[in-house]
Amino acid sequence: MRKIYDCDLGCPVQNTLQFIAGKWKSVILYHLFQAEVLRFSELQRKLPYVSKRMLAKQLAELEADGLIIKRIYPVIPVKTEYRLSDFGQSFQPVILAMEAWGDNYIKKPYPASSK
């Protein structure tokens, strides 16, 4: 688990981002909130533009930070499942807020510059 930063104003955001920063972590969490349990191959299908290596790296970081639980079944071929931990479940309001903002943005995109 990462350390909690003790810094100036804005740190609550930094403390949140330390767990979900990474190009695909929030998207992976979003899909796990939708399905509860996903196999590696299912995540690959949901994220076809992410390389296997990058997906594995992001999943390993999420697991190391305690947000997801990885379960490997001793079968051939190997079956690997991912689910949210209780700590990972606590990110649901964050991910849902991101989903709501994204839906709103699609409906009414903001200008690139407000000059």
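All of these numbers come straight from a predicted model, not from anything done at the bench.

Peer 1: Explanation requested: the overall build of the protein in the structure shown.
Peer 2: Within the protein one finds six helices and three strands. Across the protein, helices and strands are ordered from the amino to the carboxyl terminus as α-α-β-α-α-β-β-α-α. Evaluated residue by residue, the protein yields a buried proportion of 30% over its 115 residues. Sequence separation of at least 24 residues holds for 49% of the intrachain contacts in the protein that already meet a minimum separation of 6. Accessible surface, the protein: about 8,100 Å² in total, of which carbon and sulfur atoms supply 57%.

Peer 1: How do you make sense of the environment of Gln44 when you look at a structure like this?
Peer 2: Inspection of the secondary structure assignment puts Gln44 in helix H3 (residues 40-46). Those residues within four positions of Gln44 in sequence are excluded, and the remaining contacts are Lys52 and Leu55.

Peer 1: Is there a simple way to explain the side chain of Thr80 in this structure?
Peer 2: Among the secondary structure elements, Thr80 is positioned in strand S3 (residues 79-84). Given a relative accessible area of 14%, Thr80 falls into the buried group. Look past the residues within four positions of Thr80 in its chain and what remains in contact with it is Leu38, Arg39, Phe40, Lys70, Arg71 and Ile72.

Peer 1: Even after reading the chapter, I still don't get the side chain of Gln58, so can you show me in this structure?
Peer 2: By the secondary structure assignment, Gln58 is in helix H4 (residues 52-64). Judged by relative accessible area, Gln58 falls into the buried class, the value being 3%. Polar side-chain contacts of Gln58 include one of 3.1 Å to the backbone nitrogen of Trp24. Among residues more than four places away in sequence, those in contact with Gln58 are Gly22, Lys23, Trp24, Lys25 and Ile28.

Peer 1: So what exactly am I meant to see when it comes to the packing of aromatic side chains here?
Peer 2: Each aromatic ring pair is summarised here by two numbers: the centre-to-centre distance and the angle between the ring planes. On inspection of all chains with the given rule, the structure shows five aromatic pairs. Ring geometry for Phe19 against Phe91: centres 6.0 Å apart, planes inclined by 65°, an arrangement best described as edge-to-face. Taken together, the residues span a long stretch of sequence, with Phe19 in helix H1 (residues 11-20) and Phe91 in the loop between helix H5 (86-89) and helix H6 (92-107) at a distance of 72 residues. Each member of the pair Phe19 and Phe91 is classed as buried. Between Trp24 and Tyr49, the aromatic rings sit 5.2 Å apart at their centres with planes inclined by 40°, giving tilted as the arrangement. With Trp24 in the loop between H1 and helix H2 (25-35) and Tyr49 in the loop between H3 and H4, this pair connects stretches of sequence that are 25 residues apart. Owing to a relative accessible area of 16%, Trp24 belongs among the buried residues under this scheme. For Tyr49, a relative accessible area of 54% translates into the label exposed. An aromatic cluster of three or more residues is present, and its members are Phe19, Phe87 and Phe91. When the ring centre of Tyr73 is taken as origin, the NZ or CZ atom of Lys79, which lies over that ring, is 4.7 Å away.

The rules behind the values
Throughout this description, residue numbers start from 1 for each chain and increase along the sequence as written. Selection of residues for local features in this predicted model requires a pLDDT of at least 70, selection of side-chain atom pairs for listing and counting requires 80 or more, and totals for whole chains, interfaces and linings are taken over all residues. To get the side-chain values, all heavy atoms of the structure are used, and hydrogens and water are removed first. Numbering goes from the N terminus for both helices and strands, where a helix is a DSSP run of H or I of at least four residues and a strand is a run of E of at least two. For each residue, the accessible area found with a 1.4 Å probe, counting protein chains only, is set against the maximum for its type, and the residue is called buried under 20%, exposed over 50%, and partly exposed in between. Contact criterion: two residues are considered in contact whenever any of their non-hydrogen atoms come within 4.5 Å of each other. All accessible areas in this document rest on Shrake-Rupley with a 1.4 Å probe, and a residue is counted as covered only by the protein chains that are shown. Under the rule applied, a polar contact is a pair of N or O atoms within 3.5 Å (in protein, one hydrogen donor and one hydrogen acceptor; residues adjacent in sequence only if both atoms are side-chain atoms). Stacked, tilted and edge-to-face are the three classes assigned to paired rings of Phe, Tyr and Trp, where Trp is represented by its six-membered ring and a pair needs centres within 6.5 Å; plane angles under 30 degrees give stacked, over 60 edge-to-face, the rest tilted. Two conditions define a charge sitting above a ring: the NZ of Lys or the CZ of Arg must be within 6 Å of the ring centre, and it must be within 35 degrees of the ring normal.

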